[in-house]
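Inside the fold
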Amino acid sequence: MAASTPEAWLLENGNIKVLSKEMKNGGRRSHNMSASSLRKKSDLSLVSRIRVGFLRFFLANLQEVLLGTKLSVLFVAIPFAIFAKCRNYESPWIFALSLIGLTPLAERISFLTEQIAFFTGPTVGGLLNATCGNATELIIAILALIKHKVDVVKYSLLGSILSNLLLVLGSSLFCGGIVNLSKQQKFDRKQADVNSLLLLLGLMCHVFPLIFKFAGKSTELIAVRTLQLSRACSVIMLIAYIAYLLFQLWTHRQFFEEQESEENNDDDVVSNDESPVISFWSAFIWLALMTGIVALLSEYVVATIEAASDTWGLSISFISVILLPIVGNAAEHTGAIIFAFKNKLDISLGVALGSATQISMFVIPLSVIVSWIVGIGMDLNFSLLGTSALALSILVTSFALQDGTSHYIKGLVLLLCYVVIAACFFLFDAPL
């Protein structure tokens, strides 16, 4: 629901609800800042002429939610994917259309959680963003687990971490360095240090289950012990992630808040301190609807990934580790690069490192716990190749960010590391 004046939509029980600056920016983090770079202001002049109140309300909501993004043209892939599924078209078409349809949905979920945060305040808004920030990966993981496709879960989540650390961050540093050749790019190391520590903790929880595989003699006993250790480590990782949320949202919130000077004032980008453009319940209903569509398309992706692999001649490992993360997070990744172009590396780093940390410390251990609940044996052993790729990616990224400055060579090295890993999984065709 949109309005000609921001205050019109802040009516609550007949009174105008005044939002403080803190509440207006509540829950807004780098993830949302990145997604906002792909948004555009809606022209409601035509809708405002409609005299029927309910119809005007509905069309204004529709325009803000569906047309308020530069990726709106990709929404057409959603009905095509559903039609292809209903008409039993070839699986690769369903797979490709579903992936394309997931791209704008991920950006719109970020937009809707931000709209809700205007009304709930910074704490609830921050928690909502932390939960929904990687909703697509989480839904795909849970659906794949239900279908007993543990390898797809491991591959896709591993790929999300690798793409954020090497592809997104590398592209951001490279593009930012090329555009800003005349000046040195700097960023705040405090946020990067916290995320690096958490990523190293997550890496440790992957390394020891892998060591168990090579340290024992009895294969069956080692498998049981590895699963038990993985579940214990998953609980520890979730505790660490909760502590991270407390650190991020309460005790050291200033580390993660965007600086006033970094606010984007472009005409075609939604400003940081704008009022909400739709009401709380409208945002909530749209969020539930789009989450349902994400679940539907994710089910299509999980069901057709093997057929797409056979048809395209690509291994499931390559599709899961490389293609799924790139397409599924294209909106967020593009936003990070756009801010790097504008010499706002703190936002770009917040997107890449924050998303990688959330996948590593929340989505992966939660997937292990969910598999435990439904009686499926998913552990944290991501194979020697997967764990090695993860370890080297974290180490290379940590070295690249250790001095708080950036130039294009750092970005180029990260990108080349990603190409090497992509080549490995392109040639590697074996289960984890």
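The written sequence of each chain sets the order in which its residues are numbered from 1. Reporting of local features is limited, given that this is a predicted model, to residues whose pLDDT is at least 70; pairs of side-chain atoms are given and counted only at 80 or more, and all residues count toward the totals for whole chains, interfaces and linings. Side-chain numbers here rest on the full set of heavy atoms in the structure, without hydrogens or water.

On the surface, Ile178, Val179, Leu181, Phe341, Tyr408, Ile409, Leu412, Val413, Leu416 and Val419 cluster together into a nonpolar patch covering about 850 Å² of accessible area. Where the nonpolar patch is concerned, the elements lending two or more residues are α8 (150–179) and α16 (408–427). In DSSP terms, a helix is any run of H or I states spanning at least four residues, a strand is any run of E spanning at least two, and both are numbered starting from the N terminus. Here the nonpolar patch takes six residues from α16, the largest share from any one element. Tracing the sequence through the fold places Leu412 in helix α16. Throughout, exposure labels follow a simple rule: accessible area from a 1.4 Å probe, protein chains only, divided by the maximum for the residue type, with under 20% read as buried, over 50% as exposed, and the rest as partly exposed. According to the relative accessible area criterion, Leu412 is partly exposed, its value standing at 32%. Here, patches come from residues exposed beyond 30% relative accessible area and free of salt bridges, joined within 9 Å for like charges and within 5 Å for nonpolar side chains (Val, Leu, Ile, Met, Phe, Trp, Tyr). Only the protein chains shown count as cover for residues, with accessible areas throughout obtained via the Shrake-Rupley method and a probe of 1.4 Å. Here a salt bridge means any side-chain nitrogen of Lys or Arg lying within 4 Å of a carboxyl oxygen belonging to Asp or Glu.

A few words on α8. Each helix should span, by expectation, one fewer than its residue count multiplied by 1.5 Å. Between its first and last C-alpha atoms α8 spans 42 Å; for 30 residues at 1.5 Å apiece the expected length is 44 Å, and the two agree. Of all the bends in α8, the greatest measures close to 40° and is centred on Ser163. By the criterion of burial, α8 is predominantly enclosed, with 26 of the 30 residues buried. Think of it this way: the bend at a residue is just the angle between two axes, each fitted to seven residues, one set ending at that residue and the other starting at it.

This part covers the packing of aromatic side chains. Only the six-membered ring of Trp is used, alongside the rings of Phe and Tyr, when aromatic pairs are assigned; centres must lie within 6.5 Å, and planes under 30 degrees apart are stacked while those over 60 apart are edge-to-face, with the rest tilted. Within the structure shown, the criterion is met by 12 aromatic pairs. Look at Tyr241 and Phe362: their rings are 5.1 Å apart centre to centre, the planes differ by 25°, and that puts the pair in the stacked class. Linking Tyr241 in helix α10 (residues 219–251) with Phe362 in helix α14 (residues 345–373), this pair joins segments that are 121 residues apart in sequence. Between Phe318 and Phe426 the ring centres are 5.3 Å apart and the planes differ by 80°, which places this aromatic pair in the edge-to-face class. Taken together, the residues Phe318 in helix α12 (residues 316–328) and Phe426 in helix α16 connect sequence positions 108 residues apart. In this structure Phe426 comes out as partly exposed when scored by relative accessible area, which is 45%. Among the aromatic side chains, those forming a connected cluster through ring pairs are Phe119, Phe280, Trp281 and Phe284. A ring is scored as having a charge over it whenever the NZ atom of a lysine or the CZ atom of an arginine sits within 6 Å of its centre and within 35 degrees of its normal. Directly above the ring of Phe111 sits Arg108, whose terminal nitrogen or CZ lies 4.2 Å from the centroid.

This paragraph deals with the side chain of Thr226. By secondary structure assignment, the location of Thr226 is in helix α10. We call two residues in contact when some of their heavy atoms are within 4.5 Å. Ignoring any residue separated from it by four or fewer positions in sequence, one finds Thr226 in contact with Pro209, Phe212, Asp379 and Asn381.

Buried and open spaces are told apart on a 1 Å grid over the protein atoms alone, a cavity being a set of points where a 1.4 Å probe fits but cannot get out and a pocket being an open set with protein on both sides within 12 Å along at least five of seven lines. Residues with an atom within 4 Å of a point are the lining residues. Grid points are joined across faces, edges and corners, and a volume is the space filled by probe spheres set on the points. The volume enclosed by the second largest pocket comes to roughly 280 Å³. Forming the boundary of the second largest pocket are 14 residues, of which Lys213, Ile222, Ala223, Thr226 and Asn381 lie nearest the centre. The greatest single-element share of the lining of the second largest pocket, amounting to five residues, is contributed by α10. Gly counts as polar in this scheme, as do all residues outside two lists: the nonpolar Ala, Val, Leu, Ile, Met, Phe, Trp, Tyr, Cys and Pro, and the charged Asp, Glu, Lys and Arg. Within the lining of the second largest pocket, the residues separate by chemical class into four nonpolar, six polar and four charged.

On to the packing of α8 against α16. Between two packed helices, the angle of one axis relative to the other and the distance separating the axes together describe the packing. Remark: α8 packs on α16, axes separated minimally by 7 Å, with the N-to-C direction vectors making an angle of 150°. One way to sum up the angle between α8 and α16 is to call them roughly antiparallel. Crossing hand, α8 versus α16: left-handed. Split by residue class, the contact of α8 with α16 holds 18 nonpolar, five polar and one charged. Comment: axis = line fitted to C-alpha atoms, over the contacting stretch for helices; angle = value between 0 and 180 degrees taken between N-to-C directions. If an angle is under 35 degrees, it is roughly parallel; if it is over 145, roughly antiparallel; if it lies from 65 to 115, roughly perpendicular; otherwise it is oblique. What makes a crossing left-handed is the near helix being turned counterclockwise from the far one by less than a right angle; a clockwise turn instead makes it right-handed.

Attention now goes to unusual backbone geometry. Backbone phi values are negative for most residues with the exception of glycine, while trans is the configuration of most peptide bonds. Phi at His148 takes a positive value of approximately 60°, unusual for a residue other than glycine. Mapped onto the elements of the fold, His148 is located in the loop between α7 (135–146) and α8. Residue His148 is classed as exposed on the basis of its relative accessible area, which comes to 58%. In this structure, Ser383 takes a positive phi of about 70° despite not being glycine. Relative to the helices and strands, Ser383 resides in helix α15 (residues 383–400). Given the relative accessible area of 9%, Ser383 is considered buried.

Functional significance is not addressed by these values, which are geometric in nature.
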